[in-house]
Amino acid sequence: KAGVTQTPRYLIKTRGQQVTLSCSPISGHRSVSWYQQTPGQGLQFLFEYFSETQRNKGNFPGRFSGRQFSNSRSEMNVSTLELGDSALYLCASSGGDRGWAFFGQGTRLTVV
Amino acid sequence: AQKITQTQPGMFVQEKEAVTLDCTYDTSDPSYGLFWYKQPSSGEMIFLIYQGSYDQQNATEGRYSLNFQKARKSANLVISASQLGDSAMYFCAMREPPLTGANSKLTFGKGITLSVRP
């Protein structure tokens with residue numbers, strides 16, 4: 001089985017721009033969740049999608065949004081980028097009878 | 001309130017020795033799942049082991065085992081026969097109900113840095 005695929009791996013954006021990150025989950029998994037990892041705040045939950053519906057949301061401003069498609073692939077979008085949005089963004093795919101969560105390699109976003 | 005606590009400073013272990021990484025958690029729900037992940041410098045979060053709160057036995061996956069003490073709310077990771085490739089950050093995480101389907105949110109600890117010495 002292919003693992004969780006995140007694209008792109010690296011991104012450099014300018015303040016004020018917007019960015020879209022992509023996540024393809026493990027085949028058969030219907031839940032995709034997103035996390036932001038920074039040295040100061042650690043790993044923080046952004047949101048989760050299950051069967052194309054947002055089921056859970058973390059404490060992030062509305063500039064952070066996402067969606068999930070019928071094939072379970074998910075995208076997250078950050079608008080009006082700020083320097084503090086520089087982080088590693090990780091996507092997790094969850095499914096199966098144990099509900100184990102597997103992560104992708106992450107997208108490292110740098111805002112300059 | 002902090003739900004997952006990993007308080008050890010950077011840990012060092014000699015190659016081929018065993019090491020224990022500590023994790024304590026806090027939840028009032030009797031049903032929960034505990035995960036350990038390894039994060040090398042590349043950034044990928046690698047799943048290591050899972051323990052469900054109702055699992056009868058402590059989880060084991062190859063060189064990884066989990067010392068699960070429910071009454072103490074601790075889930076320590078034991079790595080046997082350490083290898084140089086084990087040098088990484090290790091995160092403990094908890095999932096509260098429901099444990100499958102929607103609501104797959106994980107709460108993470110701050111992580112522990114493990115360095116394996118040759």
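Above this text you will find the structure in question.
This text gives an overview of the structure that appears in the document.

Procedures and definitions
Residue positions are given per chain, counted from 1 along the sequence in the order it is written. Chain labels run from A onward and ligand labels from 1 onward, assigned in the order the entries are written. For a predicted model such as this one, the threshold for reporting local features is a pLDDT of at least 70, and the threshold for listing and counting side-chain atom pairs is 80 or more; totals across whole chains, interfaces and linings nevertheless cover every residue. In computing side-chain values, all of the structure's heavy atoms are included and hydrogens and water are not. A run of H or I in DSSP counts as a helix once it spans at least four residues, and a run of E counts as a strand once it spans at least two, with each numbered from the N terminus. Atoms counted for the radius of gyration: C-alpha only. Globule rule: 2.2 Å times residue count to the power 0.38. Exposure classes here rest on a 1.4 Å probe applied to the protein chains alone. A residue is buried below 20% of its type maximum, exposed above 50%, and partly exposed in between. Contacts between residues were defined by any pair of non-hydrogen atoms, one from each residue, lying within 4.5 Å. The Shrake-Rupley method, run with a 1.4 Å probe sphere, supplies the accessible areas, and residue values consider only the shown protein chains as cover. Centres within 6.5 Å are what make two rings of Phe, Tyr or Trp a pair, Trp counting through its six-membered ring; a difference in plane orientation under 30 degrees is then read as stacked, over 60 as edge-to-face, and the rest as tilted. Disulfides are defined in this document as cysteine sulfur pairs within 2.5 Å. Space inside and on the surface of the protein is sampled on a 1 Å grid over the protein atoms alone, with a cavity defined as a set of points where a 1.4 Å probe fits but cannot get out and a pocket as an open set with protein on both sides within 12 Å along at least 5 of 7 lines; lining residues have an atom within 4 Å of a point. Grid points are joined across faces, edges and corners, and a volume is the space filled by probe spheres set on the points. Gly falls in the polar group here, along with every residue not listed as nonpolar (Ala, Val, Leu, Ile, Met, Phe, Trp, Tyr, Cys, Pro) or charged (Asp, Glu, Lys, Arg). The quantity reported as buried area is the accessible area (1.4 Å probe) lost by two parts once they are put together, taken as the sum for both. Salt-bridge detection follows one rule: a side-chain nitrogen of Lys or Arg within 4 Å of a carboxyl oxygen of Asp or Glu. Two N or O atoms form a polar contact when they lie within 3.5 Å of each other; inside protein one atom must be a possible hydrogen donor and the other a possible acceptor, and for residues adjacent in sequence the pair counts only when both atoms belong to side chains.

### Examining the overall build of chain A
Counting its regular elements, chain A contains zero helices and eleven strands. Its helices and strands in sequence order give chain A the pattern β-β-β-β-β-β-β-β-β-β-β, from N to C terminus. The C-alpha radius of gyration computed for chain A amounts to 13 Å, which stays within 12% of the reference 13 Å derived for 112 residues, consistent with globular compactness. Seen along its three principal axes, the alpha-carbon backbone of chain A occupies a region of about 40 × 25 × 25 Å. A total of 112 residues make up chain A; the buried ones form 50% of that total. Excluding contacts between residues fewer than 6 apart, the proportion of contacts in chain A whose partners are at least 24 apart in sequence is 52%. Total accessible area on chain A stands at roughly 5,300 Å², and carbon and sulfur atoms take up 47% of it.

### Things to note about the packing of aromatic side chains
A full pass over the atoms with the stated rule returns 17 aromatic pairs over all chains. With a centroid separation of 6.0 Å and 70 degrees between ring planes, the pair formed by F103 of chain A and F108 of chain B is classed as edge-to-face. Pair noted here: F103 of chain A is in strand β10 (residues 100-103) and F108 of chain B is in strand β11 (residues 107-108), and the two residues belong to different chains. Here a set of aromatic residues connected by ring pairs shows up, and it is made of Y35, F45, W100, F102 and F103 of chain A together with F35, Y37, F47, Y50, F91 and F108 of chain B.

### Topic: the state of the cysteines
Scanning all chains against the criterion turns up two disulfides over all chains. Shown here is the disulfide that connects C23 of chain A with C91 of chain A, its sulfur atoms set 1.7 Å apart. Judged by the sign of its S-S torsion, about -45 degrees, the bond between C23 of chain A and C91 of chain A is left-handed. Within this pair, whereas C23 of chain A is found in strand β3 (residues 19-24), its partner C91 of chain A is found in strand β9 (residues 87-95), the two being separated by 68 residues in sequence. When its relative accessible area of 0% is taken as the criterion, C23 of chain A is described as buried. The class for C91 of chain A is buried, based on a relative accessible area of 0%. Shown here is the disulfide that connects C23 of chain B with C92 of chain B, its sulfur atoms set 2.0 Å apart.

### Describing the layout of surface pockets
Picture a little ball the size of a water molecule; that probe, rolled over the atoms, points out where space is still empty. Here the largest pocket defines a volume of roughly 700 Å³. Residue lining of the largest pocket: 32 residues in total, with Q41, G42, L43 and Q44 of chain A together with G109 of chain B positioned closest to the centre. Secondary structure elements with two or more residues in the lining of the largest pocket: β4 (31-38), β5 (42-50) and β9 of chain A together with β10 (88-95) and β11 of chain B. With four residues, the top contributor of residues to the lining of the largest pocket is β5 of chain A. Per-class residue counts for the lining of the largest pocket are 13 nonpolar, 15 polar and four charged.

### Here's the deal with the interface of chain B and chain A
Facing the 23 residues of chain B at the interface are 25 residues of chain A. Of the roughly 1,900 Å² buried between chain B and chain A, counting both surfaces, carbon and sulfur atoms make up 54%. For the pair chain B and chain A, the interface holds zero salt bridges. For the interface between chain B and chain A, the tally reads four residue pairs in polar contact (both at pLDDT 80 or more). Residue assignment for the side of chain B that touches chain A shows that the elements contributing at least two residues are β5 (33-39), β6 (46-52) and β10 of chain B. Per-element tally for the side of chain B that touches chain A: the top contributor is β5 of chain B, with three residues. Of the residues belonging to the side of chain B that touches chain A, the class tally is ten nonpolar, eight polar and five charged.

### A look at the environment of R73 of chain A
All names here are of chain A. Along the chain, R73 falls in the loop between β7 (64-68) and β8 (74-78). Overall, R73 belongs to the partly exposed group, its relative accessible area being 23%. If we ignore the near neighbours within four places in the chain, the residues touching R73 are S22, C23, S24, P25, R67 and Q68. A distance of 2.8 Å separates a polar atom in the side chain of R73 from a polar atom in the side chain of S22. Engagement of the side chain of R73 in a polar contact is seen with the side chain of E75, the distance being 3.3 Å.

Read these as layout, nothing more, since geometry by itself doesn't imply function.
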